Every structure is written in C-alpha cells, then in structure tokens.
Amino acid sequence: MSDVHPLLVARGSRTTTPPLEEALSALNTVLQSAELGMTLTGPTRFGKSAFIDEVEARFAKSKGAVLLRSTMTTGNESPWENRFFRRLLGEEEGEESLLPRQRPKQALLRHVENECDKFGTKVVVFALDEAQNLAIPQLDILKVLSENLLNMGHKPFVLLVGQPELLRLRSWLRENLRQDIVQRFMLRSAVLRGLSGAADFRALLRHTDAAVWPEGSSRTYTSHFAPNAWKRGWRIAQEAEGLWLAFVYHGLALGLSDKPEVGTQFVSQAQLALLRAADALDSAVDPRRPLSPGSPILRGAVEGSGFRESLNLGAKPADNNASAEAKATRRWLRETRYK
Amino acid sequence: MRGLRPLSWNPAWFHRGASLWCLAAKIAYVATSRVGAVVKRLAGASEDSRVRIWTLQQATVELAREQFDLAAEDARSLMLPANPGSLEQRQHTSLALRWCPECLSSWFHCVKFQDRRVRLCPWHRVRLLDACPHCARAVDPLGLPWRCSHCGNSLVDDPEHWLSGLKRPPGHDGRWPSRVPTSLLGYQELKHGVRCLPDVAGDELLTAAHRRGLEYWQLAQLYESSAALWDSVLCQHKSCAFKEKYGYQTQHFNLEFACPVAAAGIAVFSQMSLPHSLTGEWPNSRVIASAYQTLPPPGTVPLEVRKALLRELPRAWLADALMVFGEAARVGRTSARWEPHPAAFQAKALTTRGSNGAQIVTKRPESWLAATAAFSAEMCPNGKATSADLSGLKLLLV
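Since the structure is predicted, the reported quantities are computational estimates derived from the model, not experimental observations. (Residues numbered from 1 in each chain as written. Chains lettered and ligands numbered in written order. Predicted model: local features only at pLDDT ≥ 70, side-chain atom pairs only at ≥ 80, totals over all residues. Heavy atoms only, no water.)

### A closer look at the sheet that holds strand β4 (residues 155-162) of chain A
Residues and elements named next belong to chain A.
Then comes step 1: What the five strands build is an open sheet, ordered β2-β3-β4-β1-β5; its pairing is parallel. The open sheet has two free edges, formed respectively by β2 (66-71) and β5 (188-191), since each of these has just one partner strand. Between one strand axis and the next, the sheet turns through 20° on average, direction left out of account.
Then comes step 2: For β2 and strand β3 (residues 123-129), the ladder comprises six bridges, and the chain directions are parallel. The residue of β3 that forms the bridge with R69 is A127. (Pairing = 2+ DSSP bridges. Helix = DSSP H or I, 4+ residues; strand = E, 2+ residues; numbered from the N terminus. Axes fitted to C-alpha atoms, helices over the stretch in contact; angles between N-to-C directions.)

### A few points about the confidence of the model for chain B
Then comes step 1: Residues with a pLDDT of 70 or more make up 87% of chain B, whose mean pLDDT is 84.
Then comes step 2: As a predicted assembly, this complex carries a pTM of 0.85 together with an ipTM value of 0.84. (pLDDT = per-residue confidence, 0-100.)

### Description of the sheet that holds strand β5 (residues 349-351) of chain B
Residue and element names in this part refer to chain B.
Then comes step 1: Read from one edge to the other, the open sheet built from four strands follows the order β1-β2-β6-β5, with strand pairing classed as antiparallel. Of all strands in the sheet, those bounded by a partner on one side alone are β1 (187-189) and β5. Across the sheet, the mean angle from the axis of one strand to that of its neighbour is 25°, orientation sign disregarded.
Then comes step 2: Examined bridge by bridge, strand β2 (residues 193-196) and strand β6 (residues 359-362) share four bridges and lie antiparallel to one another. If you follow V194 over to β6, its bridge partner there is V361.

### A look at the interface of chain B and chain A
Then comes step 1: With 21 residues of chain B at the contact, the number on the chain A side is 21 residues.
Then comes step 2: Overall, the association of chain B and chain A removes approximately 1,700 Å² of surface from exposure, summing both partners, and the carbon and sulfur fraction of that is 48%.
Then comes step 3: Here chain B and chain A share one salt bridge between them.
Then comes step 4: Between K167 of chain B and D117 of chain A there is a salt bridge, with its nearest N and O atoms 2.8 Å apart. (Contact = heavy atoms within 4.5 Å. Buried area = accessible area lost by both parts, 1.4 Å probe. Salt bridge = Lys/Arg side-chain N within 4 Å of Asp/Glu carboxyl O.)

### Some remarks on helix α12 (residues 264-280) of chain A
All names here are of chain A.
Then comes step 1: For α12, spanning 17 residues, the distance from its first C-alpha to its last is 24 Å, which sits close to the expected 24 Å at 1.5 Å a residue.
Then comes step 2: Residues T264, F266, V267, A270, Q271, L272, L274, L275 and A278 constitute the buried set of α12.
Then comes step 3: Packing partners of the buried residues in α12 comprise α8 (198-210), α9 (221-225), α11 (240-253), α13 (296-303) and α14 (307-311). (Expected span 1.5 Å × (residues − 1). Buried < 20%, exposed > 50% of the residue type's maximum accessible area, 1.4 Å probe, protein only.)

### Concerning the side chain of K26 of chain B
Then comes step 1: As for its position among the elements, K26 of chain B is in helix α1 (residues 20-30).
Then comes step 2: For the buried K26 of chain B, no salt bridge exists, and the shortest N-O distance to an oppositely charged side chain is 12 Å, to D117 of chain A.
Then comes step 3: From its side chain, K26 of chain B meets the backbone oxygen of W13 of chain B in a polar contact 2.8 Å long.
Then comes step 4: In terms of polar contacts, K26 of chain B uses its side chain to reach the backbone carbonyl oxygen of L166 of chain B, at 3.0 Å. (Lys, Arg positive; Asp, Glu negative; His and termini not counted. Polar contact = N/O pair within 3.5 Å; in protein donor to acceptor, adjacent residues only side chain to side chain.)

### Some thoughts on the environment of E224 of chain B
Residue and element names in this part refer to chain B.
Then comes step 1: Here E224 is to be found in helix α10 (residues 213-231).
Then comes step 2: C-alpha of E224 to C-alpha of R90: the two residues are 134 residues apart in sequence and 9.9 Å apart in space.
Then comes step 3: What E224 contacts, discounting residues up to four positions off in sequence, is T93, S94, L95, A96 and R116.
Then comes step 4: Only 2.7 Å separates the side chain of E224 from the backbone nitrogen of L95, close enough to count as a polar contact.

### Observations concerning the pattern of salt bridges
Residues and elements named next belong to chain B.
Then comes step 1: Enumeration over the complete set of coordinates arrives at 28 salt bridges over all chains.
Then comes step 2: Its salt-bridge partner being D74, residue R16 comes within 4.0 Å of it at the nearest N-O pair. Note that R16 is positioned in the segment before α1 and D74 in helix α5 (residues 72-76), a separation of 58 residues in sequence.
Then comes step 3: Accessibility expressed as a relative area gives 34% for R16, which makes it partly exposed.

### Side note on the layout of surface pockets
Residues and elements named next belong to chain B.
Then comes step 1: Here the second largest pocket is characterised by a volume of approximately 910 Å³.
Then comes step 2: Every residue lining the second largest pocket is counted, 40 residues in all, and those nearest its centre are L80, P81, Q89, H92 and T93.
Then comes step 3: Listing elements by their share of the lining of the second largest pocket, those giving two or more residues are α3 (51-54), α6 (87-90), β1 and α10.
Then comes step 4: Per-class residue counts for the lining of the second largest pocket are 17 nonpolar, 11 polar and 12 charged. (1 Å grid on protein atoms, 1.4 Å probe; cavity = no way out; pocket = protein on both sides within 12 Å on 5 of 7 lines; lining within 4 Å. Points joined across faces, edges and corners; volume = space filled by probe spheres on them. Nonpolar A, V, L, I, M, F, W, Y, C, P; charged D, E, K, R; others polar.)

The structure is reproduced here in structure tokens:
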C-alpha cells in the first residue's frame, strides 16, 4: 500500500463520474456488436487514462475480456515493428533489454491465448492510449493482428483512445482511401465529455466523502484532509453546486461563450484546494450553509486548478475586470436560464 | 503480477514437484525468449551463476510465492536446498540440464533430477539424460526452452497445442521419495571413496548419439566438477581469478600470478580447456589429451565409474596445483608452472567383494583439498584466507 494519499497522486483516486459511465456504456454497446474497434476522444486531463483503468478493473473483475493496454509514442526507431508488438504486450521501452524476445508477434499471440485461457473468454481488447500518435503502418499491423486473432477463434477489439486530433486522423484516412482501416476500427466513436453540471460535480465530491484511506479504516478522504470540519458535519458534496458555478463564472470571465466542460482532474485539484482551505480555516466552511460561487475559497480553488491554463488563452485578466466578469455572468445566466 | 509483468503466467502450469526451471521454461516458451532471461528476473541466475537456478535462495522463494501464488512448501520445492561454500553439497548438483524423457514429454522437470547421484526417474524408472540425444552435448539450462543449447534440436516433441500441453499433468503425483531407493542411484558418496552402483558400460550409449559423444560427455563431467570447485573450495578467490593476468592458454608457459589459489584454478582448468573463472561460457571444446589420457580407455568401465573418475580428476589436480603455487608464493616467486603428472591423480576403481557389481572409486578426503586450499590461501594478497585446519597438511609437508 502506498504511503501517499490517493488524492495526492495523479489518477490515485478512482471513481465513476457520469461522463465516465456514459463512455463505458458506449464501449459496452459497441463491444456487444460485431465491430472490431472504436475511438474515444477527449481533451487532455478529462480522464481518458482513468477510463482505461476503469475498463481494465471491470474486465479483471468480470473476466469478460482480456485487456492489453499500451501508450503509443511517436518514436519510429528501427526495428519499429518489434517495438510495436512489445508495446502491445505492455512493455515499456526500457524493459526490452530485460527480456529479449525472439519473435515478438508470436509472443503477443501466445500471451493473448494464455490470458484468454485464464479468463475463460475469447474477447481481447487492445486499449491504445494516445492513439493520435499511431502511424499508418501500425494501423495496418493492428489490422493483420486482428485477422490473426479472428482466425484463432478470438474476438479482438481495438479501443483507440486519444486527443480530438484522432478524429482528424480518421478524416485523413477517409480522404486517402484507407476506408479499410476506418471501417475496421474507427466506424464507431465516442467522446469523453468533461463534468458539466452540479450533478456531475456532486457525483465526484460524494466519492470524496465516502471513500476511505487507508483501506479498512474509517477515515474518509474528507475527514483526512479536514478533520475538524468533518466532525462539525461538513461534507464536501454540499459544495458541488457552488464549485460548479465557480467554474462557470471563471469560464465566462475567460471569455468562454458556452457552458464549460471541466476535466475531472481540474475538479480534483479544486476539491483538494477546498479541503485544504477547510482544514486551514475551520470557520471557512459551514455544514448548514454551502459556500457561494463567488467566495474567495471557491474562486481560489478554481483558479488554482489549472483549468485556465488548459484553455491556452494567454494573459490572465486583471482584477479590475471583476465587475465586467459579474456582468457577463449575470447575462449568461439570464440567457440560459440556468439556476 | 507486477514483478513478472509483462510475462505470461498461468497457475495451471504448476504441478507439484516441478522445478523453477520448468516454470521458467514455460514462461520463456510463451515469451519466445531464452530461459536465462526469465530466471534472471526470477532468481538472479545468469551465465556466471547458473547454480542459482537450482539451489534455494530465500528471495527467490518469496518471489515465487508472490508471483506464482504458491504455498510455501511448493515454492521451496522448486529448488534444491542450498549450502553455499560446501563442496560436499555442491558437487552433487548438476548445472547442465538432467531430465527424464518421459517427464519432459509432459513438459515436466523436477529439480531433484539435478542431483547427479540419481540415475533413474523414480516415477518412470527410465534413465535420466544429461546430454542432447541429437548432438551428445550437455544442455545449458539458460538456452531456449526444451531445446538443446548447442544444436537447437527439440528435446521433446512439440505438443499439438501448447496451451493444453503446458497444463497437462505429468501423470504422477510429483512427490519425491523421502528416501531414494539404491536401485535408482548411480553412486553413493563414502568417506574415502565413491561407491558406483551397477551400471551399463555406457560408452556405447554415448557414442550412439554422436561419434564424439564420449568426449563431449567427459568434457561436461569435468565442467561440472570444476564448477563445483569454483563454487565451493575456490569461491572466495573467484574475484582474484578475474584480476589475474592470464586466463587461458597457460598450459605451456609459466604463469605469472598474484593469488596462488586463483592461479592454481586457472592452471588446472585450462588444462581441461575450461574457462578459468566460469564467466558464463558453456563448454563446447573437446577434452584435451592430458585429461583424456589419464582415464580408462573407452568401453572398459561402466559410466558411473567413469563419472566418479572425472569428478576426482579436477580435485586431485587442483590439490596438486595448490601446493605448487602455494609453495612458490611462500618463497616469494610470482610465477610458476604446473602441469599434470601421473602421481597427481591416483584414483582407482576397485571391485567390491560379494557385491552385485558395485565398484569403489578411491578418492582423497575432502579435508585434504580444503587444507591445500588453506595452505595456498595464506599467501593470497587479497587476504582471502580460508579457515580450514592446516595442522594435518603441515604434518604431511614435513
């Protein structure tokens, strides 16, 4: 067991948010069809890798499919075919010297057969993270590999997870008469959306109130970081709406014209800042009265979450724009009738 | 499976009594890799420490328990009990693969087969093999799984489907008899000799596989004996051997040396065309004449007797060389020459009266070898003296 709290580790705390559930549902639907692959896209820090973690955990539990995951890189050192097969086996680049394989492709096929035998399934899912980095020859190899596995009686499935640029790759393939690859792996696509509403935020924050660490103890994440506030009955989930609105206001101030979609990891950062503020200043939070979206604590939490930086907007607005920000917020709320 | 990641493993591959090599070979087969690459990760065994595949190390047991999800007893049974530094224990462990062809056809190997005293498989009552049936060479356990490390031929027929083949039980319970019957043994160690139990005059057995089968087999036996000496009597001076100026081709020259113990090892083993410090080279040359001429002519003695003689030969030569280099170092010389001479090796095969054909091969007591090593080690510049009692030796020297 790690000595570091899961909230302090990237992807350390795992929970299923509504966007994640939607993506899982989409995958499940496609898996049950005869399709051999799908794409899942989403901006960075929206939880794509966490999605693969969740898929892996669910398959491991249900033994419904064998999942082999790997992260694609743009490296094309020779012999790249062998390196690609080794990557599909889940090996890191540096591990090559540890176990020289004579025939990496055969090793991959045998590995798949063995894992499927252990699970008692015929379904094997290759989850390729950062799939926008895939080169055409690699996609061709995936095509041949899936043919091999089909001939062996397996049901291969290639899950291409990547940045939105992956969809550009699909368009490029279509334009360049590589429909064979598109038809095989990219016909179905799903988008991993960000958290976009108080309900989504509440699902995430409720997990923080309920999850315990260390395992087997009675200490929840919230009570770990803000023990006094927890004793007084404060729960972070009560701040879900305020936190969401704080992100909305922040987005409006940054010039976003639409309701923002916030990556899970930004919300995690903001909630960590909120928990620390609640711990540092006991009176900052009140169990009977949620914080207002404009409160310094929530504003500070949102501004420190990295959300703004991810938008790549340039210089930070000056503080004297605060009234303009409030005006813009009120106008947007009126127009969208958002409460 | 973090430590093994991304190696494939299947709990159904384990059967009671299987060796660590057996499991590593299955993993290596799936990974299309060499067994050596797998056992390096599992047991830290490599070309210069092959004995680690076969002998027990607590860290490997813990790793095996964790990685293979084995009970403590099963994890310990993967390897032979370890007794580091003891020639008495080490000399019976074969580095080269020994296998029962029947067991191996079920992709099963028991670590007890590596005990050189055992001649027959207790489950199938067939002779254990220690050389490739195609080329008659000793099989390096770190090579490709179930293949000869020299000629590459398969030692077993490939199963129709490997997935079910690797899981197939060996057809016996894998429980090694607590007391191995004498009928299964090839020899027994006595205080002043080796009792070689009745055996075929198996030279034909070896030459049937290859016309040079006997030579290759003798080389392998010498290699085993020498490796055992490096791992026990000479183990503290292995590092000295690495520092010595000459490793090979010292047969015909004076050897400049710093450590007389390492020099003795180098001089003796180079006479047998063996690597001086066993840095991983698997023996593939032929036995040279000096070693070959001291042995009985082909077809005149049973295999077990020949094996005992080949075990005694390096010891006798080493004891002699240790005295030569030890004495040279004591008078301040930094170079000396040792060559085999008939008086250095006087082992004989005696037929015991009233027995059913067993023969005793005489040997010098192990304490003699330890004492010569200690005598020579006193002059080691690296201060790696051994703790053997020198009093008996001093009496002999007087």
